[in-house]
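Chain and residue survey
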Amino acid sequence: MTEFFQSSLGFGWGWFVANLIFILLIALPVMLAVAIVIYVDRKIWASMALRRGPNVVGPFGILQSFADALKVFLQETIIPSGANKGLFLIAPIITFTVALMAWAVIPFDAGMVLADINVGLLYIFAISSLGVYGVIVAGWASNSKYPFFSALRAAAQMISYEVSSGFIIITVVLWAGTFNMTGLVVAQQGHGLGFVNAFGFNLLLFPMAVMFLISSLAETARAPFDLTEAESELVAGYQTEYSSMAFALFWLGEYANVLLMCTLNAVLFWGGWLPPVDWEPLYAVPGIVWLILKICIFFFIFSWVKATVPRYRYDQLMRLGWKIFLPMSLIWVVLVSGYLMLTRYGV
């Protein structure tokens, strides 16, 4: 597509238009997916609590998310008199923008990636660590004690679990030998038991897959780690003073991050766009279909946990991150690197 536009618009403008179209082809479906998964999330919670969930707006309540979006769009944006106006308004924009930026290096199929850079995994790790700034800025700029408490919690929580997530990712990189996201997926072909396309079936990497899933819940502040917006303690956490589209941007960013972490779980440990089994007929199904199916499975797990597991206390959250996950991930880096030195490199 880039060559087509460059032939008609020139090198610079052709490149710009082609990449703008690629960006829209990723950003628009992600935002539509956010509206769908909010509805699915509510339906899953409802079914697990023996309730109906959204069932009024549209057939089976499927238009409920769009009705909610219209409602917040028409509401007035209220800025507290004591708030820092500039930072108050820029915080949800940071959260939403950062949530979309990480999708640039996600491979949806072989060759179907916006930016196939060699350090794609490092890029995602860097971008995801920026997400905490939106929460911190929102909490501080609101000039209110509950959002500020939430911002402090968010900072400590996200940093705590990013440290262990980093070491977990190192084990995958050691095994695959690349930071490139496409390379990480290709390295999983036939990896598990000789015929399963997943690092998750590697006995050395399976504990890391489980830890990464739990860290994903903490990283996105989902239950049982939703201490940043603990409604029984902090009203609505860092979002307390927000209304209208500013509040909606936080929601869009939060669910876009949830979808991103579901995608990362699928790409890093469970074969990404590859079919579950390395069997030729299964490759007839487009890779993006396999990836979406895996994302849906992980999103169901996220919703399942939120509907069934009670919230952790803050000391339990910190203990899990620093006293269990961090030492375990460090030990596993040593184990994986030692095993590879013995078996792959013959040292």
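Check the entry above for the structure.
All of the points below concern the structure found in this document.

Each value, and the rule that gives it
Residues numbered from 1 in each chain as written. Predicted model: local features only at pLDDT ≥ 70, side-chain atom pairs only at ≥ 80, totals over all residues. Heavy atoms only, no water. Phe/Tyr/Trp six-rings, centres within 6.5 Å; stacked < 30°, edge-to-face > 60°. Buried < 20%, exposed > 50% of the residue type's maximum accessible area, 1.4 Å probe, protein only. Helix = DSSP H or I, 4+ residues; strand = E, 2+ residues; numbered from the N terminus. 1 Å grid on protein atoms, 1.4 Å probe; cavity = no way out; pocket = protein on both sides within 12 Å on 5 of 7 lines; lining within 4 Å. Points joined across faces, edges and corners; volume = space filled by probe spheres on them. Nonpolar A, V, L, I, M, F, W, Y, C, P; charged D, E, K, R; others polar. Patch = residues over 30% accessible without salt bridge, like charges linked within 9 Å, V, L, I, M, F, W, Y side chains within 5 Å. Areas by Shrake-Rupley, 256 points an atom, 1.4 Å probe, with all protein chains shown as cover. Salt bridge = Lys/Arg side-chain N within 4 Å of Asp/Glu carboxyl O.

**Some points on the packing of aromatic side chains**
The full count for this structure, using the stated rule, is 13 aromatic pairs. Seen from their ring centres, W103 and F108 are 6.3 Å apart, and the 5° between their planes marks the pair as stacked. Both residues of the pair, W103 and F108, count as buried. Judged by centre distance (5.6 Å) and plane angle (15°), the ring pair of W175 and Y339 falls under stacked. Here Y339 lies in helix 12 (residues 314-343) and W175 lies in helix 6 (residues 145-176), a separation of 164 residues in the sequence. According to the relative accessible area criterion, W175 is buried, its value standing at 12%. Y339 gets classed as partly exposed once you look at its relative accessible area, which sits at 40%.

**Some details on the layout of surface pockets**
Approximately 660 Å³ is the volume attributed to the largest pocket. Taken together, 24 residues form the lining of the largest pocket, with P29, V30, F108, I288 and I292 sitting closest to its centre. Taken together, the elements giving at least two residues each to the lining of the largest pocket come down to helix 2 (11-48) and helix 11 (287-308). The biggest single contributor to the lining of the largest pocket is helix 2, with 11 residues. Its residues assigned to classes, the lining of the largest pocket comprises 23 nonpolar, 1 polar and no charged. Taken as a whole, the second largest pocket holds about 510 Å³ of empty space. Around the second largest pocket sit 20 residues that line it, and I38, S65, D68, A69 and W251 are the ones nearest its centre. Of all the elements in the fold, those that place two or more residues in the lining of the second largest pocket are helix 2, helix 3 (64-74) and helix 10 (244-269). Of the residues forming the lining of the second largest pocket, the biggest block, 8 residues, is contributed by helix 2.

**Here's the deal with empty space enclosed by the protein**
Taken as a whole and assessed by the stated rule, the structure comprises 2 cavities of 30 Å³ or more. What the largest cavity holds in volume is close to 260 Å³. Among the elements of the structure, helix 4 (85-101), helix 5 (120-141) and helix 10 are those that each provide at least two residues to the lining of the largest cavity. Examining the composition of the lining of the largest cavity, we find that 6 residues originate from one element, helix 10, more than from any other. Residues that form the lining of the largest cavity fall into these classes: 10 nonpolar, 7 polar and 3 charged. Of the volumes computed, that of the second largest cavity is approximately 100 Å³. If you go around the second largest cavity, the residues you meet are L121, I124, F125, S128, E162, S165, I169, F212, E219, M261, L264 and L268. A per-class count over the lining of the second largest cavity returns 8 nonpolar, 2 polar and 2 charged.

**Some details on a nonpolar patch on the surface**
On the surface, a nonpolar cluster with roughly 750 Å² of combined accessible area is contributed by L9, W13, W15, F16, L20, L24 and L28. The greatest single-element share of the nonpolar patch, amounting to 6 residues, is contributed by helix 2. Structurally, the position occupied by L9 is in helix 1 (residues 2-9).

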